[in-house]
Amino acid sequence: MPPVLVVNAGSSSLKVKLLPQGHAFLVERIGGDVAGSSSLGALPVTGVRDHADALRACLELLGAYVPLAEVRAVGHRVVHGGERYTAPVVVDEGVLADLEGLSHLAPLHNPPNLEGIRAARALLDVPQVAVFDTAFHASLPPHAYLYGLPRSLYEARGVRRYGFHGPSHDFVTRRAAEVLGRARASLKLVSLHLGNGASAAAVSGGRSVDTTMGMTPLAGLVMGTRAGDVDPGVLLYLLEGGMSVAELSELLNKRSGLLGLSGVSNDMRDVARAAAEGDAAAAEAVAVFCYRVRLAVGALTAAMGGLDAVIFTGGIGQHDAAVRARSLAGLEVLGIELDAARNDAHETRISADGSRVAVLVIATDEERMIAEAAVAVLGLA
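Predicted model only: the values in this text are computed from it and were never measured. (Residues numbered from 1 in each chain as written. Predicted model: local features only at pLDDT ≥ 70, side-chain atom pairs only at ≥ 80, totals over all residues. Heavy atoms only, no water.)

Q: Help me understand the sheet that holds strand E5 (residues 73–78), please; the structure alone is not making it clear to me.
A: Sheets are built from strands that pair by backbone hydrogen bonding, the pairs being arranged parallel or antiparallel. Overall, mixed pairing links the seven strands, which are arranged E4-E3-E2-E1-E5-E7-E6 in an open sheet. On the outer flanks of this sheet lie strand E4 (35–38) and strand E6 (89–90), each paired with one strand and no other. Here strand E3 (residues 23–28) pairs with E4 via four bridges, running antiparallel. Bridge assignment links Leu 26 to a residue of E4, and that residue is Ser 37. (Pairing = 2+ DSSP bridges. Helix = DSSP H or I, 4+ residues; strand = E, 2+ residues; numbered from the N terminus.)

Q: What am I meant to see in helix H13 (residues 321–328) here?
A: Three or four residues apart is the spacing at which side chains of an α-helix point the same way, because the helix has 3.6 residues per turn. Looking only at H13, the buried set comprises Ala 321, Val 323, Arg 324, Ser 327 and Leu 328. When H13 is viewed along its axis, its buried side chains cluster within an angular range of 165° and face the same direction. The inward-facing, buried residues of H13 abut helix H10 (268–276), helix H11 (280–304), strand E11 (309–313), helix H12 (314–319), helix H14 (340–344) and strand E12 (358–361). Among the residues of H13, the N-terminal cap falls to Asp 320, whose side-chain oxygen and the backbone nitrogen of Ala 322 are separated by 3.1 Å. Downstream of H13 by one or two residues, Gly 330 has phi in the positive range, about 90°. (Buried < 20%, exposed > 50% of the residue type's maximum accessible area, 1.4 Å probe, protein only. Arc of directions from axis to C-beta. Contact = heavy atoms within 4.5 Å. Polar contact = N/O pair within 3.5 Å; in protein donor to acceptor, adjacent residues only side chain to side chain.)

Q: What's the story with the sheet that holds strand E9 (residues 198–204) in this structure? I'm lost.
A: Taken together, five strands build an open sheet; the order of strands is E10-E9-E8-E11-E12 and the sheet is mixed. Sheet topology places strand E10 (207–211) and E12 at the edges, where each strand pairs with a single neighbour. Within the sheet, the average angular offset between the axes of one strand and its neighbour, ignoring direction, is 25°. As paired strands, strand E8 (residues 188–194) and E9 are joined by seven bridges and run antiparallel to one another. Bridging from a neighbouring strand, Val 190 pairs with Ala 202 of E9. (Axes fitted to C-alpha atoms, helices over the stretch in contact; angles between N-to-C directions.)

Q: I would appreciate a short explanation of the pattern of salt bridges in the present structure.
A: Oppositely charged side chains can form a pair if their charged atoms are brought close together. Within the structure shown, the criterion is met by 17 salt bridges. The salt bridge involving Glu 93 is made with Arg 121; its shortest N-O contact spans 2.9 Å. On the criterion of sequence distance, the pair formed by Glu 93 in helix H2 (residues 93–101) and Arg 121 in helix H3 (residues 110–123) is long-range, its members being 28 residues apart. The exposure class assigned to Glu 93 is exposed, which follows from its relative accessible area of 54%. Two residues, Asp 170 and Arg 174, come together in a salt bridge whose shortest N-O distance is 2.8 Å. A residue pair is termed a helical-turn pair when its members lie 3 or 4 positions apart in one helix, as Asp 170 and Arg 174 do in helix H6 (residues 166–180) at four residues. (Salt bridge = Lys/Arg side-chain N within 4 Å of Asp/Glu carboxyl O.)

Q: Please explain the pairing of E11 as it appears in this structure.
A: It is a general feature of regular strands that their side chains alternate between the two faces of the sheet. Along E11, five of the five residues are buried, which leaves the element largely enclosed by surrounding structure. Where burial is concerned, the two faces of E11 agree: the one with Ala 309, Ile 311 and Thr 313 and the one with Val 310 and Phe 312 are both buried. Bridge analysis of E8 against E11 gives five bridges, and the strand direction is parallel. Looking across to E11, one finds that Leu 192 is bridged to Phe 312. Here E11 runs beside E12; their pairing, made up of four bridges, is parallel. Looking at E12, one finds that Ile 311 is bridged to Leu 360.

As structure tokens, then:
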């Protein structure tokens, strides 16, 4: 693979990784008390005010180790591509304008993604490629993506389920097929990306056929600070009670999930620790999180009409054996049998030898998927 820089710009953070070398950078709390780190040592962030400054700091450090002229392309994670962008695309002014127009579908994610693209275009004179979280789920059939709303809302405003974490679900299901020694096209897989953001996907025949996130990344599983699925009537009740739209957005996106349920933290490690120490609210937060995952496995199995393997990935999915065990408890009816020792040892295959359904733990690599997509769309060698 030729050198490709992968950029993931969040609302107040910037993640940068050079592949295949693996040099990684992280700038957090942009616009506030900025902090930076990298695999190459200390990352100076004095004077960093925005994403452009943050990227400049990363490139200055990287340039001390790798000639920046060797970078052939920049691949950008863009959360929402709508129905128009279902494959990676080389970014030009027209694409930027289109993505601006899609920002209403992901107002917390697309604007900072676009800031990252603009910063990289200003600093590096190489092709920029947008790779979309939604693209892997473009294969969803209408019965999976349509809501029970007037069709005019879909046709005129794009109101439908799109799904997210596409590069992650794509990567781990490909890797699962390799581990199982079978073609992905022959498998029915449930992929569980569990972290501060969390989603599940049904991948049948190598294609996403359903997923828990919706029109936005707010739907589905309980997450670190996001509520996941909530009765729409609750939202109407809160609005009618005087809560503003901005306050409701803040509540659902930043004060709910594990944080809201536990009152402790958005980090599962902190919540689980508090639960072990006797905090009842924290214990309930863990229970709700795992229960929602269990429901998703059952529902997505039904969507595919069968199940060959369950895959855990993401920070929680890869590292929390207790969450994995609790999330699958009671699913023996689906043919899932966990091996406790393998699970506690975080082995790749954690199902029992006699389990009809394999259970796998696979580290995701979204950056590699983005880099490979950029290389492919540009035809680089």
